[in-house]
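Coordinate inspection notes
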Amino acid sequence: MSEELKQIAKAMVAPGKGILAMDESHPTCGKRFKKLGIPETEAMRQAYRDMLVTTTGLSDYISGAILFDETIRQKLLDGTPFPEFLSANGIIPGIKVDAGAKVLAGHEDEKVTEGLDGLRDRLAEYYAMGARFSKWRAVITIGDNIPTMACLEANAHGLARYAKLSQEAGIVPIVEPEVLMDGSHSIEQSYQVTELAQRMTFQQLHTQGVLMEGMVLKPSMVISGADAANRADVETVAQQTVRCLMHTVPAAVPGIAFLSGGQSDTEASAHLSAMHNLGIDLPWNLTFSYGRALQQAAMSTWGGDTANVAAAQAVLLERARCNGKAALGEYSPD
Ligand code: 13P
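The notes below deal with the structure included here. (Residues numbered from 1 in each chain as written. Predicted model: local features only at pLDDT ≥ 70, side-chain atom pairs only at ≥ 80, totals over all residues. Heavy atoms only, no water.)

Attention shifts here to the site of the ligand. Taken together, 13 residues lie around the ligand, and Lys135, Lys218, Ser260, Gly261 and Arg292 are the ones closest in. A distance of 2.5 Å separates an oxygen atom of the ligand from a polar atom in the side chain of Lys135. Here an oxygen atom of the ligand sits 2.7 Å away from a polar atom, N or O, in the main chain of Gly261. For the ligand, whose unbound accessible area comes to 300 Å², protein coverage reaches 92%. Residue assignment for the shell around the ligand shows that the elements contributing at least two residues are strand E6 (133-140) and strand E10 (285-290). Along the lines of polarity and charge, the residues of the shell around the ligand split into three nonpolar, four polar and six charged. (Near = heavy atom within 4 Å. Polar contact = N/O pair within 3.5 Å; in protein donor to acceptor, adjacent residues only side chain to side chain. Areas by Shrake-Rupley, 256 points an atom, 1.4 Å probe, with all protein chains shown as cover. Helix = DSSP H or I, 4+ residues; strand = E, 2+ residues; numbered from the N terminus. Nonpolar A, V, L, I, M, F, W, Y, C, P; charged D, E, K, R; others polar.)

For the bond from Ile146 to Pro147, the omega torsion is 10°, close enough to zero to count as cis. Inspection of the secondary structure assignment puts Pro147 in the loop between E6 and helix H7 (149-168). Even without glycine at this site, Asn145 takes up a positive phi of about 60°. The residue Asn145 is located in the loop between E6 and H7 in this model.

Moving on, we get to the pattern of salt bridges. Applying the stated criterion to the full structure yields 17 salt bridges. As a salt-bridge pair, Glu24 and Arg49 come within 3.1 Å of each other at their nearest N and O atoms. Remark: Arg49 occurs in helix H3 (residues 42-53) and Glu24 occurs in the loop between strand E1 (18-21) and helix H2 (26-35); sequence separation between them is 25 residues. Notably, a salt bridge pairs Arg321 with Glu318, separated by 3.1 Å at the nearest N-O pair. One end of the pair is Arg321 and the other is Glu318, both in helix H12 (residues 309-326) and three residues apart, which spans about a single turn. Its relative accessible area of 33% is what places Arg321 among the partly exposed residues. Salt bridges sharing common partners tie together Asp23, Lys135, Arg137, Glu176 and Glu178. (Salt bridge = Lys/Arg side-chain N within 4 Å of Asp/Glu carboxyl O. Buried < 20%, exposed > 50% of the residue type's maximum accessible area, 1.4 Å probe, protein only.)

Set out below in structure tokens:
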């Protein structure tokens with residue numbers, strides 16, 4: 001079992017490849033569709049995700065795709081189940097298993113991720129459907145007097161319990177403690193909170209006996225708040241993010257796949273690439289597990305119209321190629 005977990009984790013973060021996060025919940029996907037005038041229906045979500053995964057050449061840069069519960073049960077337009085199509089095309093199917101971030105009792109400005117109840121059974125079902133990795137996202141907000149230890153501890157504990165249950169089911173957990181970019185905080189504040197969140201997460205992962213070699217960390221970058229006055233430059237984000245990871249992530253973890261968290265697609269590529277060019281020998285593979293930074297432009301190009309499928313796929317492939325390059329430190333905006 002543990003050999004299998006190690007092999008899957010390694011394949012997920014193979015050099016020059018990253019993960020396509022396409023696991024938006026209905027409300028999140030709906031919001032993005034609505035902005036573009038795309039009807040918020042199951043059929044449209046199916047057509048959109050069909051467009052994404054049938055992109056020729058995608059597996060040159062994409063090792064795995066994170067699906068939402070609806071998608072793992074859906075079929076492509078040609079009748080092939082999504083997980084079966086992905087596996088046959090060299091992309092490992094993954095599944096988001098958390099039930100979303102809800103208000104933490106007694107802390108109205110903070111969230112805790114739910115979904116542990118019944119998770120063992122759900123994981124067994126997903127494994128049978130072909131999922132070989134999973135994702136659980138915890139959300140940490142920076143603000144006045146937050147995050148609190150109550151929030152950090154509850155989320156770290158949830159991540160560790162989820163990770164161990166996943167490994168027990170033969171599924172590699174993606175452990176995602178996301179520190180939100182929302183707000184006007186400085187990069188120094190982002191560093192402090194991110195380091196603490198990651199440190200507490202690994203403490204809990206150890207306590208629960210999670211196999212380090214059989215997991216992937218999905219962190220946010222250490223970055224200035226979206227509304228900060230003097231936002232740190234690419235070089236500083238790369239330096240501070242790698243410094244933070246060096247302080248918190250055991251070398252036994254095979255790879256780290258970043259979320260994009262609202263960065264523009266070119267920013268997300270530039271930051272990842274810069275981390276590989278700091279002259280630091282990194283103990284883990286650093287790559288991407290982007291949602292918006294891979295999909296946003298492709299979704300706008302598609303716009304819900306079959307006539308735009310080929311053009312949207314070209315846009316997606318180009319973003320995947322740029323991030324594949326970035327994962328090798330070879331990205332340039334041109
Ligand atoms: P973004 O890259 O859009 O932040 O999404 C990644 C993800 O999976 C969030 O959970």
